[in-house]
Amino acid sequence: ADKDDVYQGRGISEFQLSDAARTYVDTQYVKADSDKVNAVVVKNARGELTLRKDGGKWALEQLPAGAELDESKVTSFVAAVARLSLDRPVGKDVKPEMGLDAGTTVHVEATENDKPVVIDYTIGSQAGSSDQDGFYVKAKDNAFVVVATKRSEEHTSELQSPCNLVCRLLLE
């Protein structure tokens with residue numbers, strides 16, 4: 001009675017089991033069809049950027065006179081902010097070290113199946129000191145804080161500096 005039961009099983013090995021949460025959950029934390037996105041607004045302490053699609057063409061409200069947007073870069077950027085994948089869930093508690101209180105907010109507006117879709121989320125601090133570490137992300141309609149995958153973070157990390165984003169979206 002003082003011993004745990006041990007069973008022998010077939011068809012599975014310890015190498016098939018993963019300790020990564022993303023193996024067992026839907027990794028799409030934020031998702032919208034980027035082709036259906038109509039607007040993206042990015043805000044942080046350095047300013048605000050507003051991209052709007054009008055007649056199938058993107059416009060940046062803060063675009064300097066005489067400058068032109070690179071449509072392919074805008075399309076790539078919109079696709080990145082419309083879909084974020086999680087690397088790992090962190091929990092429901094928002095802690096100061098996550099940097100979400102002073103983070104970058106992202107607002108995405110889309111129309112899917114003739115219905116408006118609104119996605120709001122905040123990007124906080126980097127979740128570690130390694131270059132491989134993503135950033136903390138908290139969506140308004142999701143109870144969980146997550147760390148976005150490095151792939152997602154590569155596009156969204158530039159949201160930490162709208163100035164860099166404007167430069168990236170402009171033709172040089």
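To be clear, the structure that these remarks concern was listed above.
Residues numbered from 1 in each chain as written. Predicted model: local features only at pLDDT ≥ 70, side-chain atom pairs only at ≥ 80, totals over all residues. Heavy atoms only, no water.

Brief notes about unusual backbone geometry
In this model, asparagine 113 sits at a positive phi of 55 degrees, which is unusual for a non-glycine residue. Tracing the chain through its elements places asparagine 113 in the loop between strand S6 (104-112) and strand S7 (115-126). By relative accessible area, which is 72% here, asparagine 113 ends up exposed. The phi torsion at aspartate 114 lies on the positive side, around 60 degrees, for a residue other than glycine. With respect to the secondary-structure elements, aspartate 114 resides in the loop between S6 and S7. On the basis of relative accessibility, which here comes to 78%, the residue aspartate 114 falls in the exposed class. (Helix = DSSP H or I, 4+ residues; strand = E, 2+ residues; numbered from the N terminus. Buried < 20%, exposed > 50% of the residue type's maximum accessible area, 1.4 Å probe, protein only.)

Focus: the pattern of salt bridges
Within the structure shown, the criterion is met by three salt bridges. Here arginine 52 ties to glutamate 61 by a salt bridge, and the two come within 3.2 Å at their closest N and O atoms. Put simply, arginine 88 and aspartate 87 hold a salt bridge, and the shortest N to O gap is 3.2 Å. By relative accessible area, which is 32% here, arginine 88 ends up partly exposed. (Salt bridge = Lys/Arg side-chain N within 4 Å of Asp/Glu carboxyl O.)

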